[in-house]
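Here is how the chains run, residue by residue.
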Amino acid sequence: MPALPFRLSALPLLISLALPVHANTAREQVQERQAAAVLSVEAQRLGKLHLQQQLTLSSSPALIQESRQRVQEALSRIGRSQEGNKRLERLRNQGDALMQRPLGQAASLPETQDLAESLSLSASQLLARLEPSVDQPAARLINDVARLNMLLQRTTRLTLQAAAGDRSVGRQVDIEQARKEFALTLGQLEKNPELTPGMR
């Protein structure tokens, strides 16, 4: 897989480009998009960190706690314009369940991975649904950067699942599909006219 040229840390810069300083409603919508983007990535990362710890790779409890805090912060910023939405309620329930998963217990890993996948998918769906309400040229760029980061974390997490013993046909299909989606999104992002060298 090619090295990732776009970091999640670039999102604030992209957000600032998409944010009209005179429109509070648009500002809230863009900030909510940012939170959904972070959540889609961080849920995958948290699942990956659980796997790394189980495989005795470089994943400390401090890193897992940091990831949990990012998930909680993103969840707290989502929903200012979505209160009462069933999708939002499911998103928060998934986040709460993921936060409660114990560390270092092999028996809990499958459910932890399922929760990480479900939370990331729900956040991605929310991000896609919010896109039409933000009529700014950088909106697609924000979405693609977030998706690229999410797919990188997802591919790594799925590969670690295989290393942990899940070598099922379904898991191999998931890994290959994530790699293809990564390559496709990377190609789309590199063609985006809004992309500048400072965002790389």
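Residues numbered from 1 in each chain as written. Predicted model: local features only at pLDDT ≥ 70, side-chain atom pairs only at ≥ 80, totals over all residues. Heavy atoms only, no water.

What follows deals with the overall build of the chain. Secondary structure assignment for the chain yields seven helices and zero strands. Listing every helix and strand of the chain by position from the N terminus yields α-α-α-α-α-α-α. Burial status across the chain gives 48% buried among its 200 residues. Total accessible area on the chain is roughly 9,800 Å²; 51% of this is exposed by carbon and sulfur atoms. (Helix = DSSP H or I, 4+ residues; strand = E, 2+ residues; numbered from the N terminus. Buried < 20%, exposed > 50% of the residue type's maximum accessible area, 1.4 Å probe, protein only. Areas by Shrake-Rupley, 256 points an atom, 1.4 Å probe, with all protein chains shown as cover.)

We now examine the nonpolar core. With 24 residues, the main nonpolar core has Leu39, Val71, Ile78, Leu91, Leu98 and Leu119 as its most contacted residues. At the level of elements, helix H2 (24-54), helix H3 (61-77), helix H4 (86-99) and helix H5 (109-130) are the ones that each hand at least two residues to this core. Here this core takes eight residues from H2, the largest share from any one element. Counting 10 residues, the second largest nonpolar core, distinct from the first, contains Val41, Leu148, Leu186 and Leu195. (Core = buried A, V, L, I, M, F, W, Y, C linked by side-chain atoms within 4.5 Å.)

All chains considered together, the criterion is met by nine salt bridges. The closest approach of N and O atoms between Asp166 and Arg171, which form a salt bridge, is 3.0 Å. The exposure class of Arg171 is buried, given its relative accessible area of 14%. Each of Glu42, Arg45, Glu66 and Arg70 takes part in one network of salt bridges that share partners. (Salt bridge = Lys/Arg side-chain N within 4 Å of Asp/Glu carboxyl O.)

With that settled, consider the confidence of the model for the chain. Mean pLDDT for the chain: 77, with 72% of residues reaching 70 or above. For the chain, the element scoring lowest by mean pLDDT is helix H1 (residues 11-18), at 51; helix H7 (residues 169-190) scores highest, at 90. Low pLDDT, under 50, characterises residues 1-5; the stretch is placed with 13 contacts to residues that sit more than four places away or in other chains. Every residue in residues 19-23 scores below 50 in pLDDT, and together they form seven contacts with partners more than four places removed in sequence or on other chains. (pLDDT = per-residue confidence, 0-100. Contact = heavy atoms within 4.5 Å.)

A few words now on H7. With 22 residues, H7 ought to run about 32 Å at 1.5 Å a step, and its terminal C-alpha atoms sit 32 Å apart, in line with that. All of the buried residues in H7 are Arg171, Ile175, Ala178, Phe182, Thr185, Leu186 and Leu189. Looking straight down H7, one finds its buried side chains confined to an arc of 105°; they lie on one side. Facing away from the buried side of H7 by over 90 degrees, the exposed positions are Val169, Val173 and Leu184. Along its buried surface, H7 packs onto helix H6 (139-163). (Expected span 1.5 Å × (residues − 1). Arc of directions from axis to C-beta.)

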